Amino acid sequence: MIRFHNTLSGREEEFQPLDPGEVRVYTCGPTVYDLPHIGNFRAYVFEDLLLRFLRYSGFKTVQVMNLTDVDDKTIRGARASGVSLREYTEPFVRAFFSGLALLRIRPADHYPRATEHIPEMVAIIKGLLDKGVAYRKDGSIYFSIEKFPAYGRLSGINPDDLRITSRIGARLESDEYEKDSARDFALWKAPREGEPSWETDIGPGRPGWHIECSAMSSKYLGPSFDIHCGGVDNIFPHHENEIAQSEAYFEKPFVRYWLHCHHLVVDGEKMAKSKGNFYTLRDLVEARGVDPSALRMFLVGTHYRKVLNFTLESLEQSAAALKRIKDFVYELENRIFPAAKTDASLDLIACAERTFREGMEDDLNVSAALTGLFDLIRKANPLIQGKKIGLNEAKRLLDFVYRVDEVLAVLPERRDLEISDDLRAKIEERERARKSRDWAAADRLRRELLENGVVLEDTKDGVRWKIEKKTGSN
RNA sequence: GGCGCGGUACCCAAGUGGCAAGGGAGAGGUCUGCAAAACCUCGAUUCGCCGGUUCGAAUCCGGCCCGCGCCUCCA
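Not measured: the values here are computed from a predicted model. (Residues numbered from 1 in each chain as written. Chains lettered and ligands numbered in written order. Predicted model: local features only at pLDDT ≥ 70, side-chain atom pairs only at ≥ 80, totals over all residues. Heavy atoms only, no water.)

Peer 1: Please clarify how the overall build of chain A should be interpreted in this entry.
Peer 2: A count of helical and extended segments in chain A gives 15 helices and 15 strands. C-alpha atoms of chain A, sized along the principal axes, occupy 90 × 50 × 40 Å. In chain A, which comprises 474 residues, the share counted as buried stands at 51%. Nonlocal contacts in chain A, meaning residues at least 24 apart in sequence, comprise 76% of its contacts between residues at least 6 apart. Approximately 22400 Å² of chain A is accessible, and the part contributed by carbon and sulfur atoms is 49%. Here chain A contributes 71 positively and 76 negatively charged side chains, and the mean placements of these two sets differ by 4 Å. (Helix = DSSP H or I, 4+ residues; strand = E, 2+ residues; numbered from the N terminus. Buried < 20%, exposed > 50% of the residue type's maximum accessible area, 1.4 Å probe, protein only. Contact = heavy atoms within 4.5 Å. Areas by Shrake-Rupley, 256 points an atom, 1.4 Å probe, with all protein chains shown as cover. Lys, Arg positive; Asp, Glu negative; His and termini not counted. Charge placed at Lys NZ, Arg CZ, Asp CG, Glu CD.)

Peer 1: Would you explain the protein's contact with RNA strand B in this entry?
Peer 2: Near RNA strand B there are 58 residues, and of these K73, K189, G231, N234 and K270 occur at the shortest range. Counted by atom, the contact set of RNA strand B within 4 Å of the protein is 64% sugar and phosphate. Separating a sugar or linking oxygen of RNA strand B from a backbone N or O atom of G231 is a distance of 2.2 Å. With respect to RNA strand B, the side chain of D443 contributes an N or O atom lying 3.0 Å from a base nitrogen. Secondary structure elements with two or more residues in the surface near RNA strand B: α1 (38–56), α5 (166–174), β9 (225–231), α10 (312–334), α12 (366–385), α14 (421–435), α15 (439–451) and β14 (454–459). Ranked by the residues each element gives to the surface near RNA strand B, the list is headed by α12, at 9 residues. (Near = heavy atom within 4 Å. Polar contact = N/O pair within 3.5 Å; in protein donor to acceptor, adjacent residues only side chain to side chain.)

Peer 1: Looking at this model, I keep getting lost on the packing of aromatic side chains. Mind explaining?
Peer 2: Both the distance between ring centres and the angle between the ring planes are used here to describe each pair of aromatic rings. Taken as a whole and assessed by the stated rule, the structure comprises 21 aromatic pairs. On the basis of an interplanar angle of 50 degrees and a centroid distance of 6.4 Å, the ring pair of Y26 and F225 is categorised as tilted. Here the residue Y26 occupies a position in strand β3 (residues 22–27), and F225 occupies one in strand β9, the gap between them amounting to 199 residues. The burial state of Y26 is the same as that of F225; both residues are buried. A network of ring pairs unites the aromatic residues F41, Y44, F96, F97 and Y111 as a single cluster. Taking the ring centre of Y330 as reference, the NZ or CZ of K466 above it sits at 5.2 Å. (Phe/Tyr/Trp six-rings, centres within 6.5 Å; stacked < 30°, edge-to-face > 60°. Lys NZ or Arg CZ within 6 Å of the ring centre and 35° of its normal.)

Peer 1: I tried to follow the pattern of salt bridges on my own but got confused; where do I start?
Peer 2: One pass over the full model with this rule turns up 34 salt bridges. Across the pair E331 and R464 runs a salt bridge whose closest N-O atoms are separated by 2.4 Å. With E331 in helix α10 and R464 in strand β15 (residues 462–467), this pair connects stretches of sequence that are 133 residues apart. By relative accessible area, which is 15% here, E331 ends up buried. (Salt bridge = Lys/Arg side-chain N within 4 Å of Asp/Glu carboxyl O.)

Peer 1: Help me understand the environment of L408 in this model?
Peer 2: Considering the arrangement of structural elements, one finds L408 in helix α13 (residues 391–408). When the C-alpha atoms of L408 and V366 are compared, they prove to be 9.0 Å apart, with 42 residues separating the residues in sequence. Dropping the residues within four chain positions of it, L408 is found in contact with L49, R296, V300, F356, V366 and L370.

Peer 1: Please explain the sheet that holds strand β4 (residues 60–65) as it appears in this structure.
Peer 2: Backbone-to-backbone hydrogen bonds join strands into a sheet, with any given pair of strands oriented parallel or antiparallel. Here 4 strands make up an open sheet; going across it, the order is β4-β3-β9-β10 and the pairing parallel. Two strands close off the open sheet at either side, each with one partner strand: β4 and β10 (255–261). Averaged over neighbouring strand pairs, the angle between their axes works out to 20 degrees when direction is ignored. Sheet topology places β3 next to β4; 6 bridges connect them, and they run parallel. Residue R24 lies in a different strand from β4, and its bridge partner there is V62. With respect to the sheet, helix α6 (residues 211–221) is in contact with β3, β4 and β9, its orientation differing from that of β3 by roughly 160 degrees. (Pairing = 2+ DSSP bridges. Axes fitted to C-alpha atoms, helices over the stretch in contact; angles between N-to-C directions.)

Printed below as a string of structure tokens:
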């Protein structure tokens with residue numbers, strides 16, 4: 001039984017999809033106004049883990065992730081650079097997708113862009129106007145919160161309190177759009193000089209921020225679907241407003257399970273460019289040579305509802321933990337196993353799989369799930385050394401690790417394990433040196449190989465090698 | 001002010017009433033030309049603090065301290 005913590009109830013609930021066997025998921029995607037940072041990727045990795053686990057559990061999945069390519073920040077950026085919105089956002093879209101690939105995040109089924117779904121948004125806004133839930137003012141259109149009694153249910157915010165605090169009050173006064181009530185939010189913004197604008201049935205202008213998600217989720221997943229994810233900062237106002245728009249328009253329950261991941265902080269503090277602790281994926285991977293799979297191990301390793309503290313030390317620890325798994329796989333793939341059939345580890349596999357599954361079923365408790373894998377490694381290694389594992393069983397152990405990795409996706413893909421002919425020749429040269437007991441030459445060659453990320457291991461059956469990437473602490 | 005998350009060993013981190021998982025780092029050992037990997041051993045008489053409930057509390061209740069996040073366009 002899978003259980004998820006549902007923001008709507010504040011509790012863990014048993015998960016049951018609307019349609020048995022298929023899960024429909026909407027995941028909040030990037031606003032493409034800048035290079036994505038590692039905090040953004042924490043959310044995408046969490047969502048990937050969720051989708052992978054649902055598939056591991058036998059569900060078919062349909063995932064939608066939006067690309068917000070028109071909003072205040074993209075417009076501001078495009079104006080500042082003197083290019084069109086499309087030209088401005090395109091490099092950030094590409095950076096986003098290349099980051100997904102680096103972190104082995106499986107592509108969603110749909111990546112709808114806000115700018116390509118204006119008619120769908122207009123249809124909903126028009127409907128909301130017809131129902132009297134939305135109103136026009138100075139060329140803009142607003143959603144009237146008082147017409148939607150359930151407003152505040154997701155975030156636990158009482159709409160009456162919204163205008164009270166001085167902090168919010170100050171911001172509301174500075175809002176340049178006029179509304180009936182300070183608490184109402186924009187569905188459609190009147191055209192302004194120098195801003196992109198669309199000619200539509202509801203008049204010229206551009207969409208507000210929240211409406212794209214209501215329009216695009218219903219288009220690809222229907223008005224009611226199973227899971228909606230995002231960062232905790234989206235709970236209010238973004239997701240609260242989505243619920244209001246979608247349910248007011250379709251008059252059906254919008255989303256069954258809301259899953260929100262917490263933020264990533266760096267050295268215990270919120271990431272901010274002004275603090276100098278701001279990392280994009282590119283900073284880490286290209287400039288610091290961080291192994292993306294170690295970064296994924298780090299991002300995946302802490303429960304999604306806990307604040308994740310990124311430090312270079314914790315990244316190294318994740319890399320070391322990952323190395324233990326990789327070394328186990330390496331043993332299974334490179335050792336010569338006896339052909340005799342054995343079954344010494346079958347119980348271990350069954351037990352590990354159960355621990356893994358039960359951990360993940362408990363609201364994606366990865367720490368508990370990983371215990372299954374590490375316990376198996378600790379118990380299987382002595383069996384391997386004691387030659388109690390046959391070829392048939394080695395394969396079953398390997399299958400298990402790769403089955404788990406279908407969910408975690410932290411092991412390197414096979415093509416990463418190839419090395420150049422040059423390095424291969426060097427390995428052979430060292431073997432010759434070693435055979436002639438020229439230890440100085442052998443050690444020098446091994447050092448050179450190490451500098452190229454190739455680690456050698458001398459065994460009774462001859463030398464073997466593996467690739468080890470840096471973690472980036474240097 | 002409101003909402004929320006957290007405080008468990010040197011570090012990361014599970015554990016929500018019955019002897020405190022797991023990983024990393026460290027120390028000692030086995031193996032080895034040297035390494036690497038692997039294995040063995042060691043490591044919290046105690047879970048932020050103070051009370052209470054209970055045969056029994058990291059876990060339940062009350063109070064307090066500390067850190068962090070969000071609160072109109074941040075994942």
